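Tertiary structure, described
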Amino acid sequence: MSAKAVRNSNLELYRVIVMVLIVAHHYFVNSGLVELASTSLDSFKSIYLYLFGMWGKTGINCFVLITGYFMCTSSISLQKFIKLMFEVYLYRILIFLVFWICGYEYLNTESLTRLILPISRVADNFTGCFILFWLTIPFLNVLVRNLTQRQHLYLLGLSLTIYVILPLLPFNRVVMNYVTWFIILYIISSYIRLYNVQLFSNKTWGWLALLLVFISMFSVLVCLKFNKNPYWFVSDSNAILAVLTGVCSFMFFKDLTIPYSKFVNTLVGLGDGAGQLAQGLAHQAGQQAHMGVAHVALDLGPGGQRSHGVHHHHVNGTGADQSLADFQTLLTGIGLGDQHGVDV
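One structure accompanies this document, and this report is about it. (Residues numbered from 1 in each chain as written. Predicted model: local features only at pLDDT ≥ 70, side-chain atom pairs only at ≥ 80, totals over all residues. Heavy atoms only, no water.)

1. Some details on the overall build of the chain
Each helix and strand in the chain was counted, giving 14 helices and zero strands. Counted from the first residue to the last, the chain has its helices and strands arranged as α-α-α-α-α-α-α-α-α-α-α-α-α-α. Out of the 344 residues belonging to the chain, those deemed buried represent 51%. (Helix = DSSP H or I, 4+ residues; strand = E, 2+ residues; numbered from the N terminus. Buried < 20%, exposed > 50% of the residue type's maximum accessible area, 1.4 Å probe, protein only.)

Written out as structure tokens, the structure is:
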């Protein structure tokens, strides 16, 4: 069966929304607007910018939940892996050429090596982490298919306790990379898929997701009021509000009944490229907002750390020397959003 025949517009709409939120996050967090907003924390513009750019890590959770939901009942073949790597290198080459033509990239041994290697840094390279995670899926499928429902639930609870609950305790830092976190999200989404988890009505999931959105926004306002890191509860993908909001919104959209929309599905089909264009525009606008800074960091990986989460608590992104590679890897990563297994 072809992908178009089974692809529902509800999750495609969800992906469009998530792409926009990730673009907004990186436009604000890594363009210099953070520095401008921090000069007047109580102004309407600053508050708006902080709320506008707070959803990037939540968006990562949403993307990977979709991947796990479909791939846990699928299988990975050599053909699929070749297709994945073809897309990785297609996006890498196209983005490299655009940057080179625009004068932001140089043709030298270092840049060509970075272009050729599919995995350069596991610590904060989204594309590399996604590829490594993708390769673990056949083994994860064997695991979850041989667990009883109770064992699967216990594993899910243990994983969330270690990586979401324990970091809430003072001075209890949990460090991990995104390969690990993607596997945990896979455990969540595979449990939802394999055991047809409902718990609540679709309407209730929608209200819960909306409530968590407002709670997340309120947490930003409170942290701003007390001059703390405004993204304390959402700044990493394992932050409790980022996890809860991602799961509840996914539960709402996966069962949302909407008519098939050729426009939405076509947009997402392009979206993996269109999303890259949008991120490129955000990058350029961010450069202008930064008043002359040549390169801004756009890091989708866990480069921004906080004291009780995956990393430390800084809101800003990576250094300028790594920003270009991070931006290119971010664009490729958004392009890989289509690899969620619906073509099986």
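More follows now that the structure is in view.
2. Observations regarding a nonpolar patch on the surface
On the surface, F86, L90, I93, L94, L97, W100, I101, L107, L112 and I116 cluster together into a nonpolar patch covering about 1000 Å² of accessible area. Of all the elements, helix α6 (residues 78-102) adds the most residues to the nonpolar patch, at seven residues. (Patch = residues over 30% accessible without salt bridge, like charges linked within 9 Å, V, L, I, M, F, W, Y side chains within 5 Å. Areas by Shrake-Rupley, 256 points an atom, 1.4 Å probe, with all protein chains shown as cover. Salt bridge = Lys/Arg side-chain N within 4 Å of Asp/Glu carboxyl O.)

3. Points about unusual backbone geometry
Notably, N196 is not glycine yet its phi reads approximately 45 degrees, a positive angle. Take N196: it is sitting in the loop between α10 (178-194) and α11 (202-225). Residues other than glycine seldom take positive phi values, yet L199 does so here, at roughly 65 degrees. Position of L199 among the secondary structure elements: in the loop between α10 and α11. Residue L199 is classed as exposed on the basis of its relative accessible area, which comes to 69%.

4. Points about the packing of aromatic side chains
Taken as a whole and assessed by the stated rule, the structure comprises 15 aromatic pairs. On the numbers, 6.5 Å between centres and 70 degrees between planes, the contact of F28 with Y231 is edge-to-face. Separated by 203 residues along the polypeptide, F28 in helix α2 (residues 9-29) and Y231 in the loop between α11 and α12 (240-254) bring together distant segments of the chain. The pair F28 / Y231 is uniform in exposure class, with both members buried. Aromatic pair Y191 and Y195: ring centres 5.1 Å apart, planes at 50 degrees, arrangement tilted. Ring pairs connect the aromatic residues Y14, Y69, F70, F250, F252 and F253, which therefore count as one cluster. (Phe/Tyr/Trp six-rings, centres within 6.5 Å; stacked < 30°, edge-to-face > 60°.)

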